[in-house]
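What follows is the residue order along each chain.
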Amino acid sequence: MTPDTRGGAPRPAGPNQLWGVSFGASAVFLASWFLCWIQAYAINDDLPDACHDVRRQAFPPEVACAAVDGSVTGGTAGWLVVLFFASLVVALLTGTMALAVTAAVRGR
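As a starting point, this report considers the structure included with it. (Residues numbered from 1 in each chain as written. Predicted model: local features only at pLDDT ≥ 70, side-chain atom pairs only at ≥ 80, totals over all residues. Heavy atoms only, no water.)

## Focus: the pairing of strand S3 (residues 54-57)
Then step 1. Looking at chain direction, S3 and strand S4 (residues 62-66) are connected through four bridges and run antiparallel. Across the sheet, Val 54 pairs through a bridge with Cys 65, a residue of S4.
Then step 2. Remark: four residues form the turn of the hairpin made by S3 and S4, two consecutive strands paired antiparallel. (Pairing = 2+ DSSP bridges. Helix = DSSP H or I, 4+ residues; strand = E, 2+ residues; numbered from the N terminus.)

Here's what the structure looks like:
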């Protein structure tokens with residue numbers, strides 16, 4: 001009996017595409033985190049010196065200045081925050097599914 005067969009039936013290949021999606025979403029998550037970090041700590045580095053109401057956020061990183069009239073300067077773009085959290089969720093879900101499928105395939 002070869003390692004690719006068990007009980008005469010061939011074993012499935014495994015969740016290679018799920019792993020690919022998981023790693024791709026992880027790469028997008030890390031890239032969007034890096035962009036948020038650059039926006040907060042490199043581009044808006046001098047923002048606290050020019051603003052009295054500085055708003056800081058740690059996850060995703062953000063340093064913004066809120067004016068009295070309600071306008072915000074230096075905030076992270078909304079699409080980047082959505083991309084940040086969506087890619088995190090996709091990476092976690094597909095990684096969990098890939099682990100579950102891998103365990104089921106090895107259990108056969």
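## Considering helix H1 (residues 16-43)
An α-helix turns once per 3.6 residues; consequently, residues spaced three or four apart project the same way.
Then step 1. For H1, with 28 residues, the first-to-last C-alpha span of 39 Å sits near the 40 Å given by 1.5 Å per residue.
Then step 2. The set of residues buried in H1 consists of Ser 22, Ala 25, Phe 29, Ser 32, Cys 36 and Ala 40.
Then step 3. Packed against the buried residues of H1 are S4 and helix H3 (78-107). (Expected span 1.5 Å × (residues − 1). Buried < 20%, exposed > 50% of the residue type's maximum accessible area, 1.4 Å probe, protein only. Contact = heavy atoms within 4.5 Å.)

## Regarding the state of the cysteines
Then step 1. Taken as a whole, this structure holds one disulfide when the rule is applied.
Then step 2. Disulfide partner of Cys 51: Cys 65, at an S-S distance of 1.9 Å. In this structure, the disulfide formed by Cys 51 and Cys 65 twists by about 90° around the S-S bond and is classed as right-handed. Note that Cys 51 is positioned in the loop between helix H2 (47-50) and S3 and Cys 65 in strand S4, a separation of 14 residues in sequence.
Then step 3. Residue class for Cys 65 comes out buried when judged on its relative accessible area of 13%. (Disulfide = S-S within 2.5 Å.)

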